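Next come the chains, spelled out residue by residue.
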Amino acid sequence: MLNFENQFVYSPMAYEMVAHVLTLGYAVMLAALVYFILTIRSVAPRYRISSVLSVVVMVSAFLLLYAQKASWTDAFTFNAATGMYEASASGDRFSNGFRYLNWLIDVPMLLIQILFVVEIARQRRNSLLFWFSLSGSMMIVTGYIGQFYETTNVMAWLVWGAISTVFFAHVLYLMHRVINDGKRELPAAAARVMSAIWWLFLVSWMLYPGAYLMPLFLNNEAGVVGRQMTYTVADITSKVIYGVLLSYAAMIRSRTEGYKEEMLPVFSNKNNGADDRVERQSEPMMVN
Ligand code: RET
(Lines give C-alpha, C1' and ligand atoms only; values in the text may rest on other atoms or scores of the structure.)
Protein backbone atom coordinates (compact mmCIF):
# COMPACT_ATOMS: atom_id res chain seq x y z
CA MET A 1 0.00 0.00 0.00
CA LEU A 2 2.65 2.43 1.05
CA ASN A 3 5.37 2.05 -1.57
CA PHE A 4 4.92 3.90 -4.85
CA GLU A 5 5.04 0.63 -6.81
CA ASN A 6 1.41 0.04 -5.77
CA GLN A 7 0.12 3.18 -7.46
CA PHE A 8 0.38 1.98 -11.03
CA VAL A 9 -0.84 -0.69 -13.41
CA TYR A 10 1.83 -2.42 -15.49
CA SER A 11 2.19 -3.47 -19.09
CA PRO A 12 3.23 -7.14 -19.35
CA MET A 13 6.68 -5.95 -20.43
CA ALA A 14 7.23 -3.75 -17.37
CA TYR A 15 5.80 -6.41 -15.03
CA GLU A 16 8.05 -9.10 -16.44
CA MET A 17 11.14 -6.92 -16.45
CA VAL A 18 10.72 -6.36 -12.73
CA ALA A 19 10.02 -10.07 -12.12
CA HIS A 20 13.15 -10.99 -14.11
CA VAL A 21 15.45 -8.49 -12.49
CA LEU A 22 14.29 -9.59 -9.02
CA THR A 23 14.91 -13.21 -9.96
CA LEU A 24 18.37 -12.32 -11.27
CA GLY A 25 19.03 -10.72 -7.89
CA TYR A 26 18.56 -13.85 -5.81
CA ALA A 27 20.01 -16.20 -8.44
CA VAL A 28 23.28 -14.26 -8.37
CA MET A 29 23.37 -14.50 -4.56
CA LEU A 30 23.04 -18.28 -4.70
CA ALA A 31 25.74 -18.58 -7.39
CA ALA A 32 28.07 -16.31 -5.43
CA LEU A 33 27.39 -18.30 -2.26
CA VAL A 34 28.88 -21.35 -3.98
CA TYR A 35 31.83 -19.27 -5.21
CA PHE A 36 32.68 -17.98 -1.72
CA ILE A 37 32.47 -21.45 -0.22
CA LEU A 38 34.63 -23.04 -2.89
CA THR A 39 37.34 -20.35 -2.84
CA ILE A 40 37.68 -20.05 0.95
CA ARG A 41 40.87 -22.13 1.05
CA SER A 42 42.62 -19.95 -1.52
CA VAL A 43 43.33 -17.45 1.29
CA ALA A 44 45.36 -17.98 4.45
CA PRO A 45 43.25 -18.95 7.52
CA ARG A 46 43.62 -15.50 9.12
CA TYR A 47 41.73 -13.86 6.21
CA ARG A 48 39.03 -16.49 5.88
CA ILE A 49 36.60 -14.64 8.10
CA SER A 50 36.12 -12.26 5.13
CA SER A 51 34.83 -15.14 2.99
CA VAL A 52 32.73 -16.40 5.91
CA LEU A 53 31.07 -12.99 6.14
CA SER A 54 30.43 -13.06 2.36
CA VAL A 55 28.70 -16.40 2.88
CA VAL A 56 26.51 -14.90 5.62
CA VAL A 57 25.67 -11.96 3.33
CA MET A 58 24.79 -14.27 0.43
CA VAL A 59 22.47 -16.50 2.48
CA SER A 60 20.57 -13.59 3.96
CA ALA A 61 20.36 -11.78 0.59
CA PHE A 62 19.18 -14.91 -1.17
CA LEU A 63 16.35 -15.47 1.29
CA LEU A 64 15.20 -11.87 1.50
CA LEU A 65 15.44 -11.20 -2.24
CA TYR A 66 13.42 -14.36 -2.81
CA ALA A 67 10.76 -12.90 -0.53
CA GLN A 68 11.07 -9.60 -2.41
CA LYS A 69 10.28 -11.32 -5.71
CA ALA A 70 7.31 -13.16 -4.12
CA SER A 71 6.02 -9.81 -2.88
CA TRP A 72 5.97 -8.55 -6.49
CA THR A 73 4.20 -11.58 -7.98
CA ASP A 74 1.67 -11.70 -5.11
CA ALA A 75 0.85 -8.01 -5.46
CA PHE A 76 -0.17 -7.91 -9.13
CA THR A 77 -2.30 -10.14 -11.34
CA PHE A 78 -2.99 -10.04 -15.04
CA ASN A 79 -6.35 -8.63 -16.08
CA ALA A 80 -7.26 -10.09 -19.48
CA ALA A 81 -9.88 -7.39 -20.04
CA THR A 82 -7.36 -4.53 -19.86
CA GLY A 83 -4.24 -6.46 -20.89
CA MET A 84 -2.44 -5.01 -17.86
CA TYR A 85 -1.14 -6.25 -14.50
CA GLU A 86 -3.22 -4.72 -11.74
CA ALA A 87 -3.36 -4.84 -7.93
CA SER A 88 -4.24 -8.39 -6.85
CA ALA A 89 -7.70 -9.13 -5.56
CA SER A 90 -6.04 -11.00 -2.69
CA GLY A 91 -5.16 -7.64 -1.13
CA ASP A 92 -1.42 -8.39 -1.05
CA ARG A 93 0.57 -5.25 -1.79
CA PHE A 94 4.17 -4.76 -2.84
CA SER A 95 6.67 -3.66 -0.24
CA ASN A 96 10.38 -2.85 -0.51
CA GLY A 97 10.66 -3.53 3.21
CA PHE A 98 12.31 -6.92 2.67
CA ARG A 99 15.28 -5.17 1.15
CA TYR A 100 15.75 -2.92 4.13
CA LEU A 101 15.69 -5.86 6.50
CA ASN A 102 18.27 -7.56 4.34
CA TRP A 103 20.49 -4.47 4.47
CA LEU A 104 20.14 -4.37 8.24
CA ILE A 105 21.99 -7.68 8.33
CA ASP A 106 24.27 -7.14 5.34
CA VAL A 107 25.45 -3.56 5.80
CA PRO A 108 27.26 -4.19 9.11
CA MET A 109 28.67 -7.46 7.69
CA LEU A 110 30.01 -5.78 4.53
CA LEU A 111 31.59 -2.97 6.53
CA ILE A 112 33.14 -5.28 9.11
CA GLN A 113 34.42 -7.64 6.42
CA ILE A 114 37.12 -5.25 5.20
CA LEU A 115 38.58 -4.93 8.71
CA PHE A 116 39.80 -8.52 8.45
CA VAL A 117 41.68 -7.94 5.20
CA VAL A 118 43.51 -4.68 5.94
CA GLU A 119 46.02 -4.25 8.76
CA ILE A 120 44.44 -2.50 11.75
CA ALA A 121 45.52 -2.31 15.36
CA ARG A 122 43.20 -4.25 17.65
CA GLN A 123 41.97 -1.22 19.59
CA ARG A 124 41.16 0.74 16.44
CA ARG A 125 39.47 -2.30 14.97
CA ASN A 126 37.17 -2.60 17.98
CA SER A 127 36.18 1.04 17.70
CA LEU A 128 35.53 0.63 13.95
CA LEU A 129 33.47 -2.50 14.60
CA PHE A 130 31.31 -0.46 16.93
CA TRP A 131 30.86 2.61 14.71
CA PHE A 132 30.38 0.66 11.50
CA SER A 133 27.65 -1.39 13.16
CA LEU A 134 25.97 1.56 14.83
CA SER A 135 26.02 4.06 11.96
CA GLY A 136 25.38 1.36 9.37
CA SER A 137 22.28 0.06 11.11
CA MET A 138 20.99 3.51 12.05
CA MET A 139 21.28 4.50 8.38
CA ILE A 140 19.07 1.57 7.42
CA VAL A 141 16.53 1.85 10.27
CA THR A 142 15.90 5.57 9.63
CA GLY A 143 15.63 4.91 5.86
CA TYR A 144 13.26 2.02 6.56
CA ILE A 145 10.96 4.30 8.55
CA GLY A 146 11.21 6.97 5.83
CA GLN A 147 10.22 4.70 2.95
CA PHE A 148 6.82 4.08 4.57
CA TYR A 149 5.98 7.73 3.89
CA GLU A 150 6.97 7.96 0.25
CA THR A 151 3.39 8.13 -1.00
CA THR A 152 1.66 9.63 2.03
CA ASN A 153 3.88 12.30 3.55
CA VAL A 154 6.63 13.71 1.37
CA MET A 155 8.05 15.81 4.20
CA ALA A 156 8.43 12.84 6.57
CA TRP A 157 9.91 10.77 3.74
CA LEU A 158 12.57 13.40 2.97
CA VAL A 159 13.39 14.19 6.61
CA TRP A 160 13.95 10.51 7.49
CA GLY A 161 15.98 10.21 4.28
CA ALA A 162 18.10 13.18 5.35
CA ILE A 163 18.70 11.69 8.83
CA SER A 164 19.74 8.45 7.19
CA THR A 165 22.14 10.39 4.96
CA VAL A 166 23.95 11.78 8.02
CA PHE A 167 24.76 8.21 9.11
CA PHE A 168 25.67 7.36 5.53
CA ALA A 169 28.19 10.23 5.45
CA HIS A 170 29.74 8.88 8.65
CA VAL A 171 30.04 5.39 7.15
CA LEU A 172 31.67 6.81 3.99
CA TYR A 173 34.14 8.83 6.06
CA LEU A 174 35.15 5.80 8.14
CA MET A 175 35.47 3.56 5.11
CA HIS A 176 37.61 6.10 3.28
CA ARG A 177 39.99 6.19 6.24
CA VAL A 178 40.11 2.42 6.62
CA ILE A 179 40.99 1.95 2.96
CA ASN A 180 43.52 4.78 2.79
CA ASP A 181 45.30 3.81 6.00
CA GLY A 182 45.10 0.12 5.19
CA LYS A 183 46.63 0.56 1.74
CA ARG A 184 49.93 1.69 3.21
CA GLU A 185 50.55 -1.66 4.85
CA LEU A 186 49.62 -3.78 1.85
CA PRO A 187 51.69 -5.18 -1.04
CA ALA A 188 51.38 -2.87 -4.10
CA ALA A 189 49.10 -5.23 -6.02
CA ALA A 190 46.73 -5.58 -3.05
CA ALA A 191 46.78 -1.79 -2.51
CA ARG A 192 45.60 -1.32 -6.09
CA VAL A 193 42.72 -3.72 -5.46
CA MET A 194 41.87 -1.65 -2.37
CA SER A 195 41.64 1.54 -4.47
CA ALA A 196 39.28 -0.25 -6.84
CA ILE A 197 37.24 -1.38 -3.83
CA TRP A 198 36.87 2.23 -2.66
CA TRP A 199 35.42 3.41 -5.99
CA LEU A 200 33.21 0.38 -6.31
CA PHE A 201 32.00 0.93 -2.75
CA LEU A 202 31.30 4.62 -3.30
CA VAL A 203 29.38 4.21 -6.56
CA SER A 204 27.39 1.12 -5.56
CA TRP A 205 26.35 2.48 -2.14
CA MET A 206 25.26 5.78 -3.71
CA LEU A 207 22.77 3.89 -5.89
CA TYR A 208 20.62 3.06 -2.84
CA PRO A 209 19.67 6.64 -1.92
CA GLY A 210 19.14 7.26 -5.66
CA ALA A 211 16.60 4.43 -5.77
CA TYR A 212 14.97 5.71 -2.55
CA LEU A 213 14.36 9.03 -4.26
CA MET A 214 13.09 7.50 -7.51
CA PRO A 215 9.46 8.68 -7.06
CA LEU A 216 10.85 12.22 -7.15
CA PHE A 217 12.42 11.74 -10.59
CA LEU A 218 10.14 9.24 -12.30
CA ASN A 219 6.76 8.82 -10.66
CA ASN A 220 5.50 6.22 -13.14
CA GLU A 221 5.88 2.68 -14.43
CA ALA A 222 9.37 3.40 -15.80
CA GLY A 223 10.40 4.66 -12.35
CA VAL A 224 9.32 1.35 -10.80
CA VAL A 225 11.30 -0.69 -13.31
CA GLY A 226 14.24 1.70 -12.91
CA ARG A 227 14.15 1.45 -9.12
CA GLN A 228 14.16 -2.35 -9.02
CA MET A 229 16.94 -2.46 -11.62
CA THR A 230 18.99 0.04 -9.65
CA TYR A 231 18.58 -1.99 -6.46
CA THR A 232 19.62 -5.19 -8.20
CA VAL A 233 22.72 -3.64 -9.80
CA ALA A 234 23.61 -2.08 -6.45
CA ASP A 235 23.13 -5.40 -4.63
CA ILE A 236 25.30 -7.35 -7.06
CA THR A 237 28.13 -4.80 -6.93
CA SER A 238 28.06 -3.94 -3.24
CA LYS A 239 27.80 -7.55 -2.03
CA VAL A 240 29.18 -9.88 -4.69
CA ILE A 241 31.80 -7.92 -6.65
CA TYR A 242 32.97 -6.23 -3.43
CA GLY A 243 33.33 -9.66 -1.76
CA VAL A 244 35.21 -11.07 -4.75
CA LEU A 245 37.63 -8.11 -4.77
CA LEU A 246 38.19 -8.36 -1.03
CA SER A 247 38.96 -12.06 -1.27
CA TYR A 248 41.30 -11.27 -4.17
CA ALA A 249 43.18 -8.73 -2.03
CA ALA A 250 43.34 -11.34 0.74
CA MET A 251 44.67 -13.86 -1.77
CA ILE A 252 47.50 -11.51 -2.78
CA ARG A 253 48.35 -10.89 0.88
CA SER A 254 48.29 -14.60 1.64
CA ARG A 255 50.67 -15.38 -1.20
CA THR A 256 53.14 -12.64 -0.30
CA GLU A 257 53.12 -14.01 3.23
CA GLY A 258 54.11 -17.43 1.94
CA TYR A 259 50.75 -19.14 1.99
CA LYS A 260 50.41 -21.82 -0.65
CA GLU A 261 46.97 -22.10 -2.13
CA GLU A 262 45.08 -25.23 -1.22
CA MET A 263 42.57 -27.09 -3.29
CA LEU A 264 39.35 -28.31 -1.76
CA PRO A 265 39.78 -31.97 -0.75
CA VAL A 266 37.13 -32.88 -3.29
CA PHE A 267 39.29 -31.58 -6.15
CA SER A 268 42.60 -32.85 -4.91
CA ASN A 269 44.21 -36.21 -4.37
CA LYS A 270 46.60 -34.67 -1.88
CA ASN A 271 46.03 -34.95 1.85
CA ASN A 272 44.22 -31.71 2.48
CA GLY A 273 42.83 -32.95 5.73
CA ALA A 274 46.16 -31.71 7.08
CA ASP A 275 46.38 -28.68 9.29
CA ASP A 276 45.93 -25.28 7.58
CA ARG A 277 48.78 -23.48 9.26
CA VAL A 278 51.30 -21.80 6.98
CA GLU A 279 54.25 -23.52 8.68
CA ARG A 280 52.88 -26.85 7.59
CA GLN A 281 52.97 -25.84 3.94
CA SER A 282 56.65 -26.65 3.56
CA GLU A 283 56.26 -30.13 4.97
CA PRO A 284 55.97 -32.93 2.47
CA MET A 285 52.34 -33.70 1.71
CA MET A 286 51.15 -37.21 2.50
CA VAL A 287 49.60 -38.99 -0.41
CA ASN A 288 46.42 -40.89 0.37
C1 RET B 1 18.60 4.90 2.41
C2 RET B 1 17.57 5.97 2.80
C3 RET B 1 17.79 7.25 2.11
C4 RET B 1 19.12 7.83 2.45
C5 RET B 1 20.23 6.84 2.38
C6 RET B 1 20.01 5.48 2.32
C7 RET B 1 21.19 4.64 2.14
C8 RET B 1 21.22 3.35 1.92
C9 RET B 1 22.39 2.57 1.67
C10 RET B 1 22.23 1.23 1.64
C11 RET B 1 23.22 0.28 1.38
C12 RET B 1 22.89 -0.98 1.33
C13 RET B 1 23.76 -2.06 1.05
C14 RET B 1 23.23 -3.28 1.07
C15 RET B 1 23.93 -4.44 0.79
O16 RET B 1 23.55 -5.47 1.14
C17 RET B 1 18.52 3.87 3.53
C18 RET B 1 18.15 4.28 1.10
C19 RET B 1 21.62 7.42 2.39
C20 RET B 1 23.71 3.21 1.47
C21 RET B 1 25.18 -1.84 0.76
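To be clear, the structure that these remarks concern was listed above.
Residues numbered from 1 in each chain as written. Predicted model: local features only at pLDDT ≥ 70, side-chain atom pairs only at ≥ 80, totals over all residues. Heavy atoms only, no water.

Participant: Mind laying out the site of the ligand, listing which residues take part and the relevant values?
Facilitator: Taken together, 16 residues form the shell around the ligand, and within it Asp106, Ser164, Trp205, Tyr208 and Lys239 come nearest. The contact in question runs from an oxygen atom of the ligand to an N or O atom on the side chain of Lys239, over 2.5 Å. Surface burial for the ligand is 99%, taken as the share of its 530 Å² of free accessible area covered by protein chains. Looking at the shell around the ligand, the elements that each hand over two or more residues are helix H3 (97-113), helix H4 (122-147), helix H5 (154-185), helix H6 (188-212) and helix H8 (221-256). Split by residue class, the shell around the ligand holds nine nonpolar, five polar and two charged. (Near = heavy atom within 4 Å. Polar contact = N/O pair within 3.5 Å; in protein donor to acceptor, adjacent residues only side chain to side chain. Areas by Shrake-Rupley, 256 points an atom, 1.4 Å probe, with all protein chains shown as cover. Helix = DSSP H or I, 4+ residues; strand = E, 2+ residues; numbered from the N terminus. Nonpolar A, V, L, I, M, F, W, Y, C, P; charged D, E, K, R; others polar.)

Participant: Mind laying out the pairing of strand S1 (residues 76-79), listing which residues take part and the relevant values?
Facilitator: Of the pairings in the sheet, the one linking S1 to strand S2 (residues 84-87) comprises four bridges and is antiparallel in character. The residue of S2 that forms the bridge with Thr77 is Glu86. Linking two consecutive strands that pair antiparallel, namely S1 and S2, is a turn of four residues; a positive phi of about 75 degrees is found at Gly83 within it. (Pairing = 2+ DSSP bridges.)

Participant: Tell me about the side chain of Ser254, and please be specific about residues and values.
Facilitator: Within the element layout of this structure, Ser254 appears in helix H8. Not counting residues up to four positions away in its chain, the partners in contact with Ser254 are Val43, Ala44, Tyr47 and Tyr259. (Contact = heavy atoms within 4.5 Å.)

Participant: Lay out the pattern of salt bridges with the relevant residues and their values.
Facilitator: Any two side chains of opposite charge can pair, given that their charged atoms come close. With the rule as written, the count across this model stands at eleven salt bridges. Note that Arg46 is salt-bridged to Glu257, the shortest N-O span being 3.5 Å. Taken as a pair, Arg46 in the loop between helix H1 (12-38) and helix H2 (48-75) and Glu257 in the segment after H8 lie far apart in primary sequence, 211 residues in all. For Glu257, a relative accessible area of 38% gives the class partly exposed. Two residues, Arg124 and Asp181, come together in a salt bridge whose shortest N-O distance is 3.4 Å. Note that Arg124 is positioned in helix H4 and Asp181 in helix H5, a separation of 57 residues in sequence. (Salt bridge = Lys/Arg side-chain N within 4 Å of Asp/Glu carboxyl O. Buried < 20%, exposed > 50% of the residue type's maximum accessible area, 1.4 Å probe, protein only.)

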